[in-house]
Structure formats: C-alpha cells, structure tokens
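# Per-entry structural report
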Amino acid sequence: MISESDKPGCGSMLLGCAGLCVVGLVLVMFLLNLSSDEDANSKQGPGSIEEEFPAGTEERLRFEVQQALSSVKAARVTLENGGLKIVITGKDASRAAPTEADFQIENTRILKGIHESGFNDFSTIELISFVPILDKFGNEKLLNVSTMVFDRPTLDQINWENFRHVDLTSIAADFTFHEVVNRSE
C-alpha cells in the first residue's frame, strides 16, 4: 500500500500552500503598517492643522471660528482690551426670517470652536450676527439680528459633550434679537 507521504507532489503542494499563506500574511501586515503610517502623517505631518495653526494662537482661533460657520457666512475676529469680538455676516439674502434656534446653534458651534482652539487670552466674548434680509419689495438690507455676550468664567464651566444649544441664552451675560428673528422654536 502507498502512504500519503509516498504520493508524488503531496509534500511540495503542502509546502507551496504554506509559502503562499506566509507571503499573504506578510503582504497584509505591510499594507496595514503603510495605512497606519499614512494616518499618523496626515495628523502630524507637514501641512497639518496643528502645525499650520498651533493651539492657543489667534490664528488657530480664527481657523476654528471659520470652521464652525457654514460656507454662506464669514467671521471677523478681533481682540481688544481683553474682549473677543466676533462679527458674523451672512452672504445670501433670504425672505425667510431667521429663528432664535438658528443663532443658538451657530453660536454654540462657534463657542465650542473657540474652546477647541485653546485660545484663552480673553475675558468676554461678544458674538454679533448680521444677516442680509430681503424686504417685501425685494431690496436687500444687512441687519444686526443677534448679539450675545458671554464671560469667560461661564464658558469655562461648559461640558461641550452634553451642552444643549437651547440653553445658550440662559448662560449669556446679555443677548438681543432683532424683531425679524422668529422667537418661537
């Protein structure tokens, strides 16, 4: 009787399969390592956000504020006498009246962006929103529709993981909404 080991090609076939498995395993490990190196380089490599806009700088602050806004709005950030002033201007006019919730959501994103920037050289923040509004004749007017003021100690207490935008006016040191703003939610 012929044993399995005496059959022609059986041993070489097993060796070939084992070799292919090893080559495949090495290839998978190489690709995974290459992928993780690319992820690390994209986070910390040349041109990264942290390198271009270091945390705690005014440049990072401006970057985070603009990132928090939609593409149809722009912000001007100024720092005077310890007060941070951010003027937000909408670019597109609309017949629809903005809502209080719109400004609470937007301002919450901006405040969170300021927190994430690491910039702490201010005692108060004033957020002023201008929106182009079309009147019934089709004429565009740029209106100051929302102003919110916050002091630094209040903002330092916010847990950004759980904060709800509807609570923004209750923690503001001062706020106003123009009459065109729909106050109902």
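Residues numbered from 1 in each chain as written. Predicted model: local features only at pLDDT ≥ 70, side-chain atom pairs only at ≥ 80, totals over all residues. Heavy atoms only, no water.

Moving on, we come to unusual backbone geometry. Positive phi is not limited to glycine here, since Asn81 has a value of about 50 degrees. As for its position among the elements, Asn81 is in the loop between strand S1 (73-80) and strand S2 (83-90). We classify Asn81 as exposed; its relative accessible area is 84%. (Helix = DSSP H or I, 4+ residues; strand = E, 2+ residues; numbered from the N terminus. Buried < 20%, exposed > 50% of the residue type's maximum accessible area, 1.4 Å probe, protein only.)

Within the sequence span of helix H3 (residues 58-68), burial applies to Arg60, Leu61, Phe63, Glu64, Val65 and Ala68. Turning to H3, the residues buried within the fold contact helix H2 (49-52), S1, S2 and helix H4 (100-117). (Contact = heavy atoms within 4.5 Å.)

An order of S1-S2-S3-S4-S5 is seen for the 5 strands of this open sheet, with the pairing classed as mixed. The outermost strands of the open sheet, each flanked by one partner alone, are S1 and strand S5 (174-177). Sheet twist, expressed as the average angle between the axes of neighbouring strands with direction ignored, equals 15 degrees. Here strand S3 (residues 124-134) pairs with strand S4 (residues 140-151) via 11 bridges, running antiparallel. Among the inter-strand pairings, Ile133 is bridged to a residue of S4, identified as Lys141. (Pairing = 2+ DSSP bridges. Axes fitted to C-alpha atoms, helices over the stretch in contact; angles between N-to-C directions.)

So, about the side chain of Arg152. With respect to the helices, strands and loops of the structure, Arg152 is situated in helix H5 (residues 152-156). Look past the residues within four positions of Arg152 in its chain and what remains in contact with it is Asn120, Phe122 and Ser123.

This next bit is on the pattern of salt bridges. Applying the stated criterion to the full structure yields 6 salt bridges. Measuring nitrogen to oxygen at the nearest pair gives 2.9 Å for the salt bridge that ties Glu50 to Arg60. Pair noted here: Glu50 is in helix H2 and Arg60 is in helix H3, with a separation of 10 residues, a long-range link. Of the residues examined, Glu50 reaches a relative accessible area of 42% and is grouped as partly exposed. If you follow the salt bridges from partner to partner, you end up with Glu50, Arg60 and Glu64 in one network. (Salt bridge = Lys/Arg side-chain N within 4 Å of Asp/Glu carboxyl O.)

One finds Ile86, Ile110, Leu111 and Ile114 to be the most contacted residues of the largest nonpolar core, which totals 28 residues. Counting only elements with at least two residues in this core, the list comes to H3, S2, H4, S3 and S4. (Core = buried A, V, L, I, M, F, W, Y, C linked by side-chain atoms within 4.5 Å.)

This part is about the environment of Ser94. Note that Ser94 resides in the loop between S2 and H4. Judged by relative accessible area, Ser94 falls into the partly exposed class, the value being 30%. Between the C-alpha atoms of Ser94 and Pro132, which are 38 residues apart in sequence, the distance is 7.1 Å. The contacts of Ser94, once residues within four sequence positions are left out, are Pro132, Ile133 and Leu134.

In short, geometric facts, not functional conclusions.
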